[in-house]
Amino acid sequence: AQSVTQPDIHITVSEGASLELRCNYSYGATPYLFWYVQSPGQGLQLLLKYFSGDTLVQGIKGFEAEFKRSQSSFNLRKPSVHWSDAAEYFCAVGASYGGGGADGLTFGKGTHLIIQP
Amino acid sequence: DARVTQTPRHKVTEMGQEVTMRCQPILGHNTVFWYRQTMMQGLELLAYFRNRAPLDDSGMPKDRFSAEMPDATLATLKIQPSEPRDSAVYFCASGLGRGQRISYEQYFGPGTRLTVT
């Protein structure tokens, strides 16, 4: 079964500084990887996804993530954070099937991002 | 702007009562997921449907939980009888599945916050 580890429960970053949120996954085949963001009291919004091809994927709100198969990682980055980026960030993995697919996702426990002025 | 809608947004009930949560997936989406979010367990997949048929409900306690899709525009999650340990935020998500098991992107609703006293 697949699993996702987000080793940082909380991260504090100064506004304008760069950000990297870590995500490691465990899955036997090529995974489908996602990053979601959740603001307080809200649902989850998809930031970006990786299925195949270019290992550096661009998402919304200036985020990007890099898939590194050798490290089983899919870290999320942003060059300069804004106060509005304060939220909970979830990494998720979906299983791949013949012909592709993701279906029910397995989520990490999340990283709470705090932005300091 | 197509969105997944969930009702009610908040529900407080007493132990032993029946709880019904409703979800309206995005029009045209044929896959509906139910997730539960708690502080201890994070986000867990409970069940999901493709073209109104249940594909996987292995994450759902069978003795008290039931999920159905009476029609393509409505998914329900029922708990009977409810218990304090069911207190959580329940999210519905929808996606477009192709082939056997494909839902590349999932769009989440705002969730139903359930408190069982």
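Note: the structure precedes this text.
Please read these numbers as outputs of a predicted model, since none were measured by experiment.

**Student:** Mind laying out the packing of aromatic side chains, listing which residues take part and the relevant values?
**Tutor:** Tallied over the full model, the rule gives 17 aromatic pairs over all chains. With a centroid separation of 6.1 Å and an interplanar angle of 80°, the aromatic rings of A:Phe107 and B:Phe108 are classed as edge-to-face. In this pair, A:Phe107 is assigned in strand 11 (residues 106-107) and B:Phe108 in strand 10 (residues 107-108), connecting two distinct chains. Neither residue differs from the other here; A:Phe107 and B:Phe108 are each classed as buried. Among the aromatic side chains, those forming a connected cluster through ring pairs are A:Tyr32, A:Phe34, A:Tyr36, A:Phe51, A:Phe90, A:Phe107, B:Phe33, B:Tyr35, B:Tyr48, B:Phe91 and B:Phe108.

**Student:** Any chance you could break down the nonpolar core for me, citing the residues and the numbers?
**Tutor:** With 26 residues, the main nonpolar core has A:Leu19, A:Trp35, A:Leu47, A:Leu48, A:Phe74, A:Leu76 and A:Tyr89 as its most contacted residues. At the level of elements, strand 2 (10-14), strand 3 (19-21), strand 5 (32-38), strand 6 (44-50), strand 8 (64-68), strand 9 (73-78), strand 10 (87-94) and strand 12 (111-116) of chain A are the ones that each hand at least two residues to this core. By residue number, the principal contributor to this core is strand 10 of chain A, which donates four residues. Not counting residues within four places of it along the chain, the set of residues in contact with A:Leu48 comprises A:Leu33, A:Phe34, A:Trp35, A:Val57, A:Gln58, A:Gly59, A:Phe63, A:Glu64, A:Ala65, A:Phe74 and A:Leu76. Of all hydrophobic cores here, the second largest spans 22 residues; its members include B:Val19, B:Val32, B:Ala75 and B:Tyr90.

**Student:** Account for unusual backbone geometry, naming residues and giving values.
**Tutor:** The peptide bond linking B:Thr7 to B:Pro8 adopts the cis configuration, its omega dihedral lying at -10°. Cis geometry is adopted by the peptide bond preceding B:Pro81, which originates at B:Gln80 and carries an omega value of -5°. Here B:Pro81 is to be found in the loop between strand 8 (74-79) and strand 9 (88-95). Positive phi values are uncommon outside glycine, yet A:Lys61 reaches one of about 60°. Residue position: A:Lys61 is located in the loop between strand 7 (56-58) and strand 8. Its relative accessible area of 45% is what places A:Lys61 among the partly exposed residues. Of note in this structure, B:Asn51 is not a glycine but carries a positive phi near 50°. As for its placement among the helices and strands, B:Asn51 is situated in the loop between strand 5 (42-50) and strand 6 (53-56). With relative accessibility at 54%, the residue B:Asn51 sits in the exposed group.

**Student:** Account for the layout of surface pockets, naming residues and giving values.
**Tutor:** Approximately 750 Å³ is the volume found for the largest pocket. Lining the largest pocket are 30 residues, and of these A:Gln38, A:Glu88, A:Phe90, B:Gln37 and B:Met39 sit closest to its centre. Among the secondary structure elements, those contributing two or more residues to the lining of the largest pocket are strand 10 and strand 12 of chain A together with strand 4 (31-38), strand 9 and strand 11 (112-116) of chain B. Of the residues in the lining of the largest pocket, the class split is eleven nonpolar, 15 polar and four charged. Along the wall of the second largest pocket there are 22 residues; nearest its centre are A:Leu44, A:Gln45, B:Arg3, B:Tyr107 and B:Phe108. Broken down by secondary-structure element, the contributors of at least two residues to the lining of the second largest pocket are strand 5 and strand 6 of chain A together with strand 10 of chain B. With three residues, strand 6 of chain A is the largest single contributor of residues to the lining of the second largest pocket. Of the residues in the lining of the second largest pocket, the class split is ten nonpolar, nine polar and three charged.

**Student:** Outline the state of the cysteines, listing residues and values.
**Tutor:** Covalent bonding between the sulfur atoms of two cysteines defines a disulfide. With the rule as written, the count across this model stands at two disulfides over all chains. One disulfide bridge connects A:Cys23 with A:Cys91, the sulfur atoms lying 2.0 Å from each other. Taking the sign of the torsion about the S-S bond as the criterion, the disulfide between A:Cys23 and A:Cys91, at about -65°, is left-handed. Residue A:Cys23 is located in the loop between strand 3 and strand 4 (24-26), and its partner A:Cys91 is located in strand 10; the two are separated by 68 residues in the primary sequence. Taken as a pair, A:Cys23 and A:Cys91 share a single burial class, namely buried. Put simply, B:Cys23 and B:Cys92 are joined by a disulfide, and their sulfur atoms are 1.9 Å apart. In this structure the cystine formed by B:Cys23 and B:Cys92 twists about its S-S bond by roughly -55°; its chirality is therefore left-handed. Taken together, the residues B:Cys23 in strand 3 (residues 19-24) and B:Cys92 in strand 9 connect sequence positions 69 residues apart. For B:Cys23, a relative accessible area of 1% translates into the label buried.

About the criteria used
Residues numbered from 1 in each chain as written. Chains lettered and ligands numbered in written order. Predicted model: local features only at pLDDT ≥ 70, side-chain atom pairs only at ≥ 80, totals over all residues. Heavy atoms only, no water. Phe/Tyr/Trp six-rings, centres within 6.5 Å; stacked < 30°, edge-to-face > 60°. Helix = DSSP H or I, 4+ residues; strand = E, 2+ residues; numbered from the N terminus. Buried < 20%, exposed > 50% of the residue type's maximum accessible area, 1.4 Å probe, protein only. Core = buried A, V, L, I, M, F, W, Y, C linked by side-chain atoms within 4.5 Å. Contact = heavy atoms within 4.5 Å. 1 Å grid on protein atoms, 1.4 Å probe; cavity = no way out; pocket = protein on both sides within 12 Å on 5 of 7 lines; lining within 4 Å. Points joined across faces, edges and corners; volume = space filled by probe spheres on them. Nonpolar A, V, L, I, M, F, W, Y, C, P; charged D, E, K, R; others polar. Disulfide = S-S within 2.5 Å.

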